[in-house]
Amino acid sequence: DNMADAATAAWHHDALTTVRRTVDLFGFEGTCLSFNGGKDSTVLLHLVREAFPDNFQRLRCLFFKQPHEFLEVERFVHDMTERFSLNLTVLEDSFKHGLTEFLSQNTVKAIFMGTRAGDPGSRGLSTFSLSDNGWPDFFRVHPILNWSYTEVWLYLKEREYCHLYNQGYTSLGKTTDTAPNDMLRRQDGEYRPAHELDNIRLERQGRSSNGAPVDALSVSLVSQSHEPQQQTLAPGEPLHSLCSVLVEPAFSLQSVELVCAKTVGITESVQAKLRTCDVVLVSANNANGHIPRATLEAALHAVTPFASRLLAGTEADAPFPSDHPDLEHIVRVVCDKPSGHTAFVFNRQVVVLPGLGSGSQAIKLANRLLVAAGLKPGGTVVL
């Protein structure tokens, strides 16, 4: 299928390159796909089929059937196996024990996994990562590690996927810990499909941990300043009003940290914060409220590995090309009418604000801009 635009083609091409490179390195006999029927592993299945249209069946697939599996997921895996003649192995043991047995009985050295940055257990991963200590030796390969929720559905929504995603589910686990996402509930009680989720930060809203909903959101503030400063703020103070904007009613603030970062270090600082935080605020402290293009480019580099390609062909001394078609699915520009200031929102993960500073006026400005960015659906903000 033709991709919608050059930006989509960029991350799509890189994922295909990872798939092909892995098979070149390890061969079909040394590579397999972990396929659990979820959206991310289904993307991988289609990428493998796309990379090797004539012989993808040579690649082994693993389905770890867990207790309390959705019947719809099992049916989908079975249907895909029948439709595409997949070489599927079903394991019903614990993941670690089953994997150990499987690897001891064949020559597989690399496993494609649908992990994406921000998923549980994704911290510190790269596209190619060795297995952790205490596990059998193999390469974990993550072709879509840097894809966002939006990019997953841009690729997947015109292809086959489990129909639970059309019933309000945005992340699938077990029947005992997964429910439709309330953010997709219509007034009539029915649910919109997963690809219509506006706030991609709430992808796992329907999932619970140990039977209890996840109720903490971690936020970092990265301040671009020429004056060294570092301040750690306790939860709820003095950014209480900011907390009410950043989080949905079901969430509470876990931590806020303000650190100093000059333009040359913003990409690294933001990427480091994104390993532990859901949202990072970047403040460019310019007297005229103008955000330098270099700061915006640094933020773009922090959320996508394809920033250089996306910016290729644009004039370096021109304003940041936020209205470029290749950037429209990554960057959103919002304006605060009272002050005339503008903020840039990247993948709903990084918000670049002008002149945030550390005072109460900065918090009020952040409140208004974040509401305008849609990070809080409706409601009022106490300033």
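Residues numbered from 1 in each chain as written. Predicted model: local features only at pLDDT ≥ 70, side-chain atom pairs only at ≥ 80, totals over all residues. Heavy atoms only, no water.

**Student:** Give a description of the sheet that holds strand β5 (residues 128-130) that names residues and reports values.
**Tutor:** Pairing within the open sheet is mixed, and its six strands lie in the order β3-β2-β1-β4-β6-β5. Looking along the sheet, the strands with just one partner apiece sit at the ends: β3 (87-91) and β5. Across this sheet, the average inter-strand angle for adjacent strands is 30 degrees, counted without regard to direction. Looking at chain direction, β5 and strand β6 (residues 139-141) are connected through three bridges and run antiparallel. From the neighbouring strand, Phe128 faces β6, where its bridge partner is Val141. (Pairing = 2+ DSSP bridges. Helix = DSSP H or I, 4+ residues; strand = E, 2+ residues; numbered from the N terminus. Axes fitted to C-alpha atoms, helices over the stretch in contact; angles between N-to-C directions.)

**Student:** How would you explain the nonpolar core if you had to name every residue and give the values?
**Tutor:** If you look at the biggest cluster of nonpolar residues, it comprises 49 residues, and the most contacted ones within it are Leu33, Val43, Leu47, Phe112, Trp147 and Leu172. Breaking this core down by element, the ones donating at least two residues are α1 (6-26), α2 (39-51), β2 (60-64), α3 (71-84), β4 (110-112) and α5 (149-156). Ile266, Val280, Ile291 and Leu300 belong to the second-largest nonpolar core, a separate cluster that totals 23 residues. (Core = buried A, V, L, I, M, F, W, Y, C linked by side-chain atoms within 4.5 Å. Buried < 20%, exposed > 50% of the residue type's maximum accessible area, 1.4 Å probe, protein only.)

**Student:** Run through the pattern of salt bridges, naming residues and quoting values.
**Tutor:** In total, this model carries ten salt bridges according to the counting rule given. One salt bridge in this structure joins Glu74 and Lys65, with 3.2 Å as the shortest N-O distance. On the basis of relative accessibility, which here comes to 25%, the residue Glu74 falls in the partly exposed class. For Arg293, the salt bridge goes to Glu297, with nearest N and O atoms at 2.5 Å. Residue Arg293 and its partner Glu297 are located together in helix α8 (residues 293-303), separated by four residues, close to a single helical turn. One salt-bridge network, in which partners are shared between bridges, spans Lys39, Asp40, Arg116 and Glu203. (Salt bridge = Lys/Arg side-chain N within 4 Å of Asp/Glu carboxyl O.)

**Student:** So what's going on with unusual backbone geometry? Residues and values would help.
**Tutor:** Look at His68: it is not a glycine, yet its phi comes out positive at around 60 degrees. Within the secondary structure, His68 is located in the loop between β2 and α3. Here the phi dihedral of Ser85 falls at roughly 55 degrees; this positive angle occurs in a residue that is not glycine. With respect to the secondary-structure elements, Ser85 resides in the loop between α3 and β3. Here Ser85 falls in the partly exposed class, since its relative accessible area comes to 48%.

**Student:** Describe the packing of aromatic side chains, listing the residues and the values that go with them.
**Tutor:** Per the stated rule, a full pass over the model turns up 14 aromatic pairs. Taking the centre distance of 5.6 Å and the plane angle of 45 degrees together, the rings of Phe26 and Phe139 count as tilted. Here Phe139 lies in strand β6 and Phe26 lies in helix α1, a separation of 113 residues in the sequence. Looking at Phe26, the relative accessible area reads 25%, which means it is partly exposed. Above the ring of Tyr155, the side-chain terminus of Arg159 is found at 3.8 Å from the ring centroid. (Phe/Tyr/Trp six-rings, centres within 6.5 Å; stacked < 30°, edge-to-face > 60°. Lys NZ or Arg CZ within 6 Å of the ring centre and 35° of its normal.)

**Student:** Got a sec to walk through the packing of α2 against α5? Specific residues and values, please.
**Tutor:** One can describe the packing of α2 onto α5 by two numbers: an axis separation of 10 Å at closest approach and a directional angle of 50 degrees. As the angle between them shows, α2 and α5 are arranged oblique. In this structure, the crossing between α2 and α5 has a hand that is left-handed. Across the interface between the two elements, Lys39, Asp40, Thr42, Val43, His46, Leu47 and Glu50 from α2 touch Tyr149, Val152, Trp153, Tyr155 and Leu156 from α5. Classifying every residue of the contact of α2 with α5 gives seven nonpolar, two polar and three charged. (Parallel < 35°, antiparallel > 145°, perpendicular 65-115°, else oblique. Left-handed = near helix turned anticlockwise from the far one by under 90°. Contact = heavy atoms within 4.5 Å. Nonpolar A, V, L, I, M, F, W, Y, C, P; charged D, E, K, R; others polar.)

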